[in-house]
Amino acid sequence: MSKLIVSDVSISFGGLKALDSVSFDVKQGEIRGIIGPNGAGKTTMLNVISGINKPDSGTITFDGTLLSGLKPNKIAAKGIGRTFQTTKLFKGMTVLENVMTGAHSQLRATPLSAAFNFPSVAKEEEEAADRAYEVLEFMRMERFADHEATLLSFGQQRLVEIARVLVGQPEVLLLDEPAVGLSVTRVSEVEELLKRIRQERGITIVMIEHVIRLVMGVCDRITVLNSGQKIADGTAEEVINNPAVERAYLGSKVDVTD
Amino acid sequence: MQALLARRNIVAVGIIVFAILPTFANAYIVFVANLALMYILLSVGLNMLLGYAGQLAFPNAALFGVGAYTSGLLRLEFDLPYWITLPAGAAFATLIGLAIALPALRLRGLYLALATIAFAQAALWVFGHWNSVTYGGAGFRVPPMDFSPLPIDPPTGIYYLSLIIVLVAVPLGWNIVRSRIGRAWVALRESEVAAETLGIDLTRYKAYAYVVSGLYAGTAGALFSALLGIVTPESFDLFQVIVHFCMVIVGGIGSLWGGVLGAVILVGLLEVLRTFRDLQEIAFGGLLLFTVLVVPGGAIAMIKRYLPGWNEPLRRIGKKR
């Protein structure tokens, strides 16, 4: 069953067509890779799904409900979480507080109930802390819970960012280059983590990634974008052997005998 | 020794000193302490908007004025008791705060700062020129508060009323910043995009910051009109905007207890320099520069560096892990 359906999505910035009627659909429990050269429109695709950019035309449906047109916070509340290419952890918060912020949509406190610390607020705060701690344990990051988040190493910050999304119990997780800038051993850890996220939490993943080893290792299917257009879609095997993909990455073959 | 200087102890000592002050200090000292209490409200309120939510907005001096004018005029024209005029002033200022928030929500950074300072100036103009209601530039005298049947004179009554309000308002604010509200504010301050994709409604949470901040400013204004017994436009001019801003920066931006500290420090400085009004502004400028250049986190950051027990989590610390 399709969890997320992107159909005919187009968006332009000024004269530049960032996405040109792109369609694909992601099945429940799938790990989908989005690859393509720089400027292909990959991040724009995630921005459109998460509501940061509104598509000029086309629709996005999630479990049968229309997402396109909703504000990002509504889309997040429906169960679509995302991370960013450059980590955006909140400065001035510990790791645990950052992760607790991800549980925002599940909490009910208002300024009034929070100010007077109603029993319901005290209770939900306790539960949110427990859940945040549980996710950090899942990520094997619990020993950093009380560290200032933005002082962690780059790789650790990326993990905290994933934890912050997971605590909101998303059904679909959009990851923008989770392995960028990580060492080889770290990439293996991310690979294992993504598999565990799917297996243990039943979350569908859509991820942009340049680290081909990771893409080949975890993705069930891969969508290839180039200059805003989808040029291929299929398993790792199919995509690698697709001549259009080769052209996009390496340029066309030049006959030097001429 | 250091553990003795933990926040809990310092705050307890502070409360005791404020509580027994009128029994031994002269009227002038009590008046200054009362000013400090009032400025604690202003500083804590502005810090939620400026420090926590990160909105570079300065509507509070004007809202402070709205609170003062509303409660003062209700007292003067209708002879209402303080337990009506005070909440009325606070409520009306909050309402105006919300009214400013609606257009201001669309603005950011420098434009937001300019628009809200323009609002402060416009409010000042209304205070000074709407003669039939505000009595114009000369202002008006507020009949003293009547605390009967309690056997206390008005200054002592206002002092203890202010103290009680601070003892309620600061813990309430402290509860707000340690909930999902405070975390949402810090999140949208640090990255609006990230905050939004975590489900935080930016418009709603910015509006909350304006409203809460306006409520604190309006309450302080209502107390101010009773404390001074006279309301004039110049009490709410740009200098007031700068004083509030200074308190937040010098005490510690984005720190509730820093706001409390900043108010006490600056009221002290203002009083020491009371006879030299020009020096006040120079001293303010100097202190602001010193803070920004040497201790950007304000006085509270210095304390946090050297003393345990002063950190401010954005959550409640329940069971120990």
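Along every chain, residues carry numbers that run from 1 in the direction the sequence is written. The order in which chains are written sets their letters, starting at A; the order in which ligands are written sets their numbers, starting at 1. Confidence filtering applies because this is a predicted model: local features only for residues at pLDDT of at least 70, side-chain atom pairs given and counted only at 80 or more, and all residues used for totals across whole chains, interfaces and linings. Each side-chain value is derived from all of the structure's non-hydrogen atoms; neither hydrogens nor water enter the calculation.

## Section: helix α7 (residues 184–201) of chain A
Residues and elements named next belong to chain A.
Consideration 1: In a regular helix each residue adds 1.5 Å, so 18 residues correspond to 26 Å; α7 covers 25 Å between its end C-alpha atoms and thus fits that length.
Consideration 2: The elements touched by buried residues of α7 are β3 (31–35), α5 (119–138), α6 (154–166), β7 (172–176), β8 (204–208) and α8 (212–218).
Consideration 3: Think of it this way: any DSSP run of H or I at least four residues long counts as a helix, any run of E at least two long counts as a strand, and we number them from the N terminus. At the exit of α7 stands G202, carrying a positive phi of roughly 65°. Expected span of a helix: the number of residues minus one, times 1.5 Å. We call two residues in contact when some of their heavy atoms are within 4.5 Å.

## Observations regarding helix α3 (residues 60–78) of chain B
All names here are of chain B.
Consideration 1: Given a rise of 1.5 Å per residue, 19 residues ought to cover 27 Å, and the 26 Å separating the end C-alpha atoms of α3 matches this to within 8%.
Consideration 2: Each residue is placed in one exposure class: buried if its accessible area under a 1.4 Å probe, protein chains only, is under 20% of its type's maximum, exposed if it is over 50%, and partly exposed if it falls in between. Among the 19 residues that make up α3, 15 are buried, leaving the element largely enclosed by the rest of the structure.
Consideration 3: At the C-terminal side of α3, D79 shows a positive phi close to 55°.

## A few points about the domain arrangement of chain A
Residue and element names in this part refer to chain A.
Consideration 1: Annotation comment: domain bounds sourced from an automatic or database domain assignment. Parsing chain A into structural domains produces domain 1 (1–79 + 170–251) and domain 2 (91–169).
Consideration 2: Taking only C-alpha atoms into account, the centre of domain 1 sits 26 Å from that of domain 2.
Consideration 3: Between domain 1 and domain 2, the contact holds 19 residues from the first and 16 residues from the second.
Consideration 4: In total, domain 1 and domain 2 occlude about 1,400 Å² of area from one another, counting both sides; carbon and sulfur atoms represent 62% of this.
Consideration 5: We count a salt bridge whenever a side-chain nitrogen from Lys or Arg sits within 4 Å of a carboxyl oxygen from Asp or Glu. Here domain 1 and domain 2 share two salt bridges between them.
Consideration 6: R201 is the partner of E134 in a salt bridge, and the nearest nitrogen-oxygen pair spans 2.7 Å.
Consideration 7: Any N or O atom pair separated by 3.5 Å or less is treated as a polar contact, with the protein-specific requirement of one donor-capable and one acceptor-capable atom, and with residues adjacent in sequence counted only for side-chain atom pairs. Where domain 1 meets domain 2, there are four residue pairs in polar contact (both at pLDDT 80 or more).
Consideration 8: Only β7 and α7 provide two or more residues apiece to the side of domain 1 that touches domain 2. Once two parts are put together, the accessible area they lose, assessed with a 1.4 Å probe and summed over both, is termed the buried area.

## Examining the packing of aromatic side chains
Residues and elements named next belong to chain B.
Consideration 1: Any two of the Phe, Tyr and Trp rings considered here, Trp counted by its six-membered ring, make a pair once their centres fall within 6.5 Å; the pair's planes then place it as stacked at under 30 degrees, edge-to-face at over 60, or tilted in between. On inspection of all chains with the given rule, the structure shows 15 aromatic pairs over all chains.
Consideration 2: Relative to F64, the ring of Y39 lies with its centre 6.4 Å away and its plane at 50°, an arrangement referred to as tilted. Of the two residues, Y39 is situated in helix α2 (residues 27–52) and F64 in helix α3; the sequence distance between them amounts to 25 residues. Accessibility assignment for this pair places Y39 and F64 in one class, buried.

## Re the interface of chain A and chain B
Consideration 1: Each partner contributes to the interface: chain A provides 35 residues, whereas chain B provides 33 residues.
Consideration 2: Summing both partners gives a buried area of about 3,200 Å² for chain A against chain B, and 61% of it is carried by carbon and sulfur.
Consideration 3: Three residues stand out in chain A for area buried against chain B, namely F90, H104 and P111 of chain A, and they jointly supply 19% of the buried area on that side.
Consideration 4: With a shortest N-O distance of 3.6 Å, D146 of chain A and R315 of chain B are connected by a salt bridge.

## As for the sheet that holds strand β10 (residues 229–234) of chain A
Residue and element names in this part refer to chain A.
Consideration 1: By the convention used here, strands pair only if DSSP detects at least 2 bridges between them. Across the sheet, six strands lie side by side as β6-β7-β8-β3-β9-β10; this open sheet has mixed pairing. With partners counted over all chains shown, the strands left at the sheet margins are β6 (80–82) and β10, one partner each. Between one strand and the next, the sheet's axes are offset by a mean angle of 20°, whatever the strand orientation.
Consideration 2: In the sheet, β7 pairs with β8 via five bridges, with the strands oriented parallel. Note on β8: the bridge partner recorded for V172 is T204.
Consideration 3: Between N-to-C directions, angles span 0 to 180 degrees; the directions come from axes that are lines fitted to C-alpha atoms, helices contributing only their stretch in contact. Together, β3, β6, β7, β8 and β9 (221–226) form the strand contacts of helix α1 (residues 42–49), whose direction differs from that of β7 by roughly 150°.
Consideration 4: α7 contacts β3, β7 and β8 of the sheet and is inclined by roughly 155° relative to β8.

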